[in-house]
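Residue-level structure breakdown
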Amino acid sequence: MLDEEALSEVDRLLRDADAATRFEAVRSAAWLHWCRYLALPADSEQADLRRAIELFLQVARVDLRALPGPLLRKVLGTDGVADSAPKARTTRDLIRHARRTGDPVVLEEALRQVIEGARERPGDSDPAAAPLADLDEAILVGRETIGVIEHDHPYRSTVTDRLASAIQVRYQRTGLTADLDDAIAFGRMGLPAGMSPSSYVVHLANLAGALVHRYDLAGVSADLDEAITLSRRSVAHQPEGHPDSAALWGLLSGALCRRAQRDGGAADLDEAVEMCRRAVAAAAHPAMYLSNLGGQLRLRYARHRRDADLDESVDVGRRALAASPTNAPDCAGYLMNLAGALRLRSEGAGGEAILDEAVVLARQAVAATAVDSPERASRLTLLGTVLHDRYELSGDDADFGDAVDAWSTACASVTAPAATRLRAATRAARAVAERDGLSAAVGAYGAAVGLLPLLAWRGIGPDDQQFLIESHAVGLACDAAASTATAGAVSVGIELLEQGRAVAWSQLLDLRGDLSSVHRASPDLAERLVVCRRALEQPFHAARGVGAAAATAIHRRP
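Residues numbered from 1 in each chain as written. Predicted model: local features only at pLDDT ≥ 70, side-chain atom pairs only at ≥ 80, totals over all residues. Heavy atoms only, no water.

In this structure, Arg305 is a non-glycine residue whose phi angle is positive, near 55°. As for its placement among the helices and strands, Arg305 is situated in the loop between helix H14 (287-304) and helix H15 (307-322). Taking relative accessible area as the criterion, Arg305 reaches 43% and is therefore assigned partly exposed. (Helix = DSSP H or I, 4+ residues; strand = E, 2+ residues; numbered from the N terminus. Buried < 20%, exposed > 50% of the residue type's maximum accessible area, 1.4 Å probe, protein only.)

In structure tokens, the structure reads:
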């Protein structure tokens, strides 16, 4: 096999093969080059590997089953040796083959490839169009396959898992919340049978990550509680030396930190810091985890005022920036976390110089964030806050104007969570009212009150609605009414006051609408609506109990 004569023979075989024998000739030649690659020293020329991959790609286009299982990923993944163009063509061939045959093995591999392809170039515009089109097509085929594949088919769970991952990647690319809901739904389809421990851990983490994203958007506490439960399970089941261990610790840390912010739990925040330290220690490239650790230490300092926490927050924030290229996708978040820590440090001596640095970093964070990014509003809000802090020290009207502009722009962001937008609008209104009087803040207060229906939307439970209003809107309607009354628009003030106070109640009253016309048209449907209405009106503690039980019963992987 290693003799040069073997290469001459296989070249002659390929040259002389006719249409009837071409497939077998190509397959034999592929095997010859593959075996030579395995037998030759690791540091030798890789020509045999490249030739084997080239030939096996031709085999795969005719019959994927002609490839031995252990070679399938090596050949289709190409290990960075082959050109990307044949890999892209093979991906499309796989999708077509999956559509034609419904072969779940082929579909699973196609989904894997398009997920990787979509993640490789998330920032490009034109180059990303083809991978995104492949992603759309693969998701469509995956949905069709799940609809017809038997429930006890050995590959059903794997295909379902890949489909959930593909949909979640598309959500990350497009921001379509319907995709986020679908990714969670497919992720919850049950414990994947026969899945390896490593894959099971990744499945749990992906589902937990999707739930955290949805919590950030909608503020449903049950999503966050379930995410923490799944994250704990993924950490507990990770095999020793798992390549994603840093990401698993980091995911649990982030979910715990969010719950600490929501419920004020000191134990959750302490555990979040500890989990983040483990993520830093386990990461090959720890910049992201260093920045996250800095943010969590900043929160803990704001709560307990321990100087050591703030000092470490600034230190790890600087280390995160130093370890990251300036054009890295996550660099804007690192800038924001460090700017927030410096803002707190500015409360001591030398505050103005420290605020100057915080303003520079916050401006850089905003500039590095896409206009339609959901994160941009929170970064604009921080920029407005540090500018306003500097205005209070220096009295510079330009800083005040820039702060209000930053808050107003954040308020207008349609992609940001409602709570973030409302926080920015409220800060703008109260800053203007404090400096220029209540009558000058009528527009800002009107914009803030107008966001309340989005904050307390019907899709979340009454207790979550109440929590969000109490956290972000206490006194807002009264302040808005006072500003309009000062401006002489009493009737507008009454409207704003009633709108603000009635948001949560109006949501509940909508559920109590008259069903008599529905009863006349469809008694069964009306009865189902009554049952749903009663379930939606359950007290919060009961809903939490159900959610906790459901989360405990989940055995899936993100």
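Moving on from the coordinates now.
Attention now goes to a negative patch on the surface. Negative charge collects at one region of the surface, where Asp3, Glu4, Glu5 and Glu9 lie side by side. Along the chain, Glu4 falls in helix H1 (residues 4-16). (Patch = residues over 30% accessible without salt bridge, like charges linked within 9 Å, V, L, I, M, F, W, Y side chains within 5 Å. Areas by Shrake-Rupley, 256 points an atom, 1.4 Å probe, with all protein chains shown as cover. Salt bridge = Lys/Arg side-chain N within 4 Å of Asp/Glu carboxyl O. Lys, Arg positive; Asp, Glu negative; His and termini not counted. Charge placed at Lys NZ, Arg CZ, Asp CG, Glu CD.)

Right, let's talk about the packing of helix H16 (residues 331-345) against helix H17 (residues 351-367) for a bit. Interhelical geometry of H16 versus H17 gives an angle of 160° and a closest axis separation of 8 Å. Considered as vectors, H16 and H17 are oriented roughly antiparallel to each other. Crossing of H16 over H17 shows left-handed handedness. Contacts between H16 and H17 pair Ala332, Leu335, Met336, Leu338, Ala339, Leu342, Arg343 and Arg345 from the former with Ile354, Leu355, Glu357, Ala358, Leu361, Ala362, Gln364 and Ala365 from the latter. A per-class count over the contact of H16 with H17 returns twelve nonpolar, one polar and three charged. (Axes fitted to C-alpha atoms, helices over the stretch in contact; angles between N-to-C directions. Parallel < 35°, antiparallel > 145°, perpendicular 65-115°, else oblique. Left-handed = near helix turned anticlockwise from the far one by under 90°. Contact = heavy atoms within 4.5 Å. Nonpolar A, V, L, I, M, F, W, Y, C, P; charged D, E, K, R; others polar.)

With that settled, consider the packing of aromatic side chains. Scanning the model with the defined rule gives two aromatic pairs in all. Here Trp34 and Tyr37 contribute two aromatic rings whose centre-to-centre distance is 5.4 Å and whose plane-to-plane angle is 45°, an arrangement assigned as tilted. Placement of the pair is Trp34 and Tyr37 together in helix H2 (residues 22-39), with a separation of three residues, close to one helical turn. Looking at Trp34, the relative accessible area reads 9%, which means it is buried. Tyr37 sits in the partly exposed class, given a relative accessible area of 23%. Centroid distance Tyr391 to Phe400: 5.1 Å. Interplanar angle 55°. Geometry classified as tilted. As far as the burial class goes, Tyr391 and Phe400 line up, both buried. In this arrangement the basic side chain of Arg435 is found over the ring face of Phe400, its NZ or CZ atom lying 4.0 Å from the centre. (Phe/Tyr/Trp six-rings, centres within 6.5 Å; stacked < 30°, edge-to-face > 60°. Lys NZ or Arg CZ within 6 Å of the ring centre and 35° of its normal.)

For H1, spanning 13 residues, the distance from its first C-alpha to its last is 19 Å, which sits close to the expected 18 Å at 1.5 Å a residue. Listed in full, the buried residues belonging to H1 are Ala6, Leu7, Val10 and Leu14. Burial along H1 is one-sided: seen end-on, the buried residues are contained in an arc of 100°. Facing away from the buried side of H1 by over 90 degrees, the exposed positions are Glu4, Glu5, Arg15 and Asp16. The opening residue of H1, the one whose side-chain oxygen lies 2.7 Å from the backbone nitrogen of Glu5, is Asp3. (Expected span 1.5 Å × (residues − 1). Arc of directions from axis to C-beta. Polar contact = N/O pair within 3.5 Å; in protein donor to acceptor, adjacent residues only side chain to side chain.)

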